[in-house]
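# Examining the three-dimensional arrangement
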Amino acid sequence: MIDFRPETAEDCVNQNLFLWLLRRACQKGTFDANKMYASEKVDGIDMLLRALAAYKRHDPETLDEREHMENLFDALCAALMLPANREKFLDGEGLQLMNLMLRERKQSRESALKVLDHATTGAEGKDNCNKFVEILGLRTLFPLFMRTPSKVKRKDTTPDEHEEHVCAHEHEKVDRAIELFIKYKEKLAKFEAKRGRREDGSVDEDVDREYLDRLDAGLYTLQNLSLILADVCTHTSSARHRASKLFSMKMKQEKISKVPLTSMFLR
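Given the structure is predicted, the values throughout are model-derived calculations rather than measurements.

### Points about the packing of aromatic side chains
For the structure on display, the rule yields 1 aromatic pair. Plain terms: the ring middles of phenylalanine 181 and phenylalanine 247 are 5.4 Å apart, the flat faces sit at 80° to each other, and that makes the pair edge-to-face. Of the two residues, phenylalanine 181 is situated in helix 12 (residues 174–196) and phenylalanine 247 in helix 14 (residues 237–250); the sequence distance between them amounts to 66 residues. You can call phenylalanine 247 buried: its relative accessible area is 1%.

Structure follows, in structure tokens:
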């Protein structure tokens, strides 16, 4: 209904339809009046975290239940796009739950990584970043960064998406960062070359659409990797020398000065 009549969204909010849907989606076991009353005492972030906690050590038993779990994760990611919800996520120990899911290696693992990406992105995610370091989350994250799954069996996550979410976090794994940097630089170059060979010779006048296509083709991950390397190389001289050496070896005849952002910190 909302797809065809977007103006009805406000009516749904005023009539508490979304709140009812959230309660219905997060209920566990038989739904009764007591659970309805208890759910009124918590906000949406807490409800989603409590519902997802059931999957920290156990996989969904059916395909329908797995889809339900993914819907809960998607709802949490959407909620974290609102800066005010980042603080609720932090206070509700959402970082600890996601970190535990990463360590348990269950089906919830990749989605937990996606949630961390949303929770720590941008200036609004600074507190979550600091807390994630405090709870030793990098110890869990680094192995995921160093080794991308060769084949992700779940339909909603690809190896590229896995690398995209991991690269949203700062770290000191310079060798792996440069390996991924070159991978996505080459991937983006192939995409742009393919666009340049269009048979009709037309030019895409939609600049925003073209930019979004480039982001999807690897530019977003490449930008994150550039910022990671730039920050690490700025503050650690040994990392800067290591990065400079690796770029010289792996970029072959291509000049490092052509690489955006990162090259500024290697001079």
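The rest of the description comes next.
### A short note on the environment of arginine 50
Along the polypeptide, arginine 50 turns up in helix 4 (residues 44–52). Overall, the relative accessible area of 59% leaves arginine 50 in the exposed class. Spatially, the C-alpha atom of arginine 50 lies 9.5 Å from that of glycine 94, the residues being 44 residues apart in sequence.

### Description of the pattern of salt bridges
Applying the stated criterion to the full structure yields 7 salt bridges. Taking the shortest distance from any N to any O, the salt bridge between arginine 214 and glutamate 192 comes out at 2.7 Å. Taken together, the residues arginine 214 in helix 13 (residues 207–235) and glutamate 192 in helix 12 connect sequence positions 22 residues apart. When its relative accessible area of 25% is taken as the criterion, arginine 214 is described as partly exposed. For glutamate 192, a relative accessible area of 34% puts it in the partly exposed group.

### Some points on the packing of helix 12 against helix 14
In the contact formed by helix 12 and helix 14, the axes pass within 10 Å of each other and the chain directions differ by 35°. Of the two possible hands of crossing, helix 12 and helix 14 adopt the one that is right-handed. Each of Val174, Asp175, Ile178, Phe181 and Ile182 in helix 12 lies in contact with helix 14, whose residues at this interface are Ala239, Arg242, Ala243, Leu246, Phe247 and Lys250. Residues that form the contact of helix 12 with helix 14 fall into these classes: 8 nonpolar, no polar and 3 charged.

Criteria and cut-off values
- Residues numbered from 1 in each chain as written.
- Predicted model: local features only at pLDDT ≥ 70, side-chain atom pairs only at ≥ 80, totals over all residues.
- Heavy atoms only, no water.
- Phe/Tyr/Trp six-rings, centres within 6.5 Å; stacked < 30°, edge-to-face > 60°.
- Helix = DSSP H or I, 4+ residues; strand = E, 2+ residues; numbered from the N terminus.
- Buried < 20%, exposed > 50% of the residue type's maximum accessible area, 1.4 Å probe, protein only.
- Salt bridge = Lys/Arg side-chain N within 4 Å of Asp/Glu carboxyl O.
- Axes fitted to C-alpha atoms, helices over the stretch in contact; angles between N-to-C directions.
- Left-handed = near helix turned anticlockwise from the far one by under 90°.
- Contact = heavy atoms within 4.5 Å.
- Nonpolar A, V, L, I, M, F, W, Y, C, P; charged D, E, K, R; others polar.

The values are spatial; any link to function lies outside them.
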